[in-house]
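# Structural overview for review
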Amino acid sequence: MANYFEKKKAHRRELEKYYNEKPNLRLKYAAIASIAIAIILLLINAFGLVGTSTTMLLLLRGCAGLFAIIFVVLVTILVYRVNAAYLNDKQSSR
């Protein structure tokens, strides 16, 4: 069982260098920013810092959902790019 965890840590360390490449870091920061904006919009909506207008509440919820979808798309692109680069490097080394 300890061998499994050691292999998993080694694999994570191998992938970490791909996540720390400049284009991937930009994607990572953009994803973090988009989810932060979504959380802020939901908190504004939850605590009612904006007036009680139904239209405004729906607009805030819609924008929060839009930023959450953007977050999912950015993370998907990031994971795809990292895994594709890892597999290409692994295949070319053979």
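Located above this text is the structure these notes cover.
Residues numbered from 1 in each chain as written. Predicted model: local features only at pLDDT ≥ 70, side-chain atom pairs only at ≥ 80, totals over all residues. Heavy atoms only, no water.

### Observations regarding the environment of Leu58
This is how the line gets drawn: Helix numbers and strand numbers start at the N terminus; a helix is a DSSP run of H or I with at least 4 residues, a strand a run of E with at least 2. In this scheme, a residue with accessible area under 20% of its type's maximum is buried, one over 50% is exposed, and one in between is partly exposed, where area comes from a 1.4 Å probe on protein chains only.
Mapped onto the secondary structure, Leu58 falls in helix H3 (residues 54–92). Its relative accessible area of 53% is what places Leu58 among the exposed residues. Through-space distance from the C-alpha of Leu58 to that of Ala68 is 15 Å; in sequence the pair is 10 residues apart.

### Brief notes about a nonpolar patch on the surface
Our working definition: A patch consists of residues whose relative accessible area exceeds 30% and which take part in no salt bridge; residues with like charges are grouped when within 9 Å of each other, and nonpolar side chains (Val, Leu, Ile, Met, Phe, Trp, Tyr) when within 5 Å. Note that accessible areas follow from Shrake-Rupley with a 1.4 Å probe, and for residues the cover is restricted to the protein chains shown. When a carboxyl oxygen of Asp or Glu lies within 4 Å of a side-chain nitrogen of Lys or Arg, that pair is called a salt bridge.
On the surface, a cluster of nonpolar side chains totalling about 460 Å² of accessible area is made up of Ile39, Leu43, Phe47 and Leu49. By secondary structure assignment, the location of Leu43 is in helix H2 (residues 22–47).

### Let's talk about the side chain of Asn45
Test applied: It only takes one pair of heavy atoms within 4.5 Å for two residues to be counted as in contact.
Mapped onto the elements, Asn45 comes out in helix H2. Classification of Asn45 as buried rests on a relative accessible area of 12%. For Asn45, the residues in contact, after removing those within four places along its chain, are Leu57, Leu60 and Arg61.

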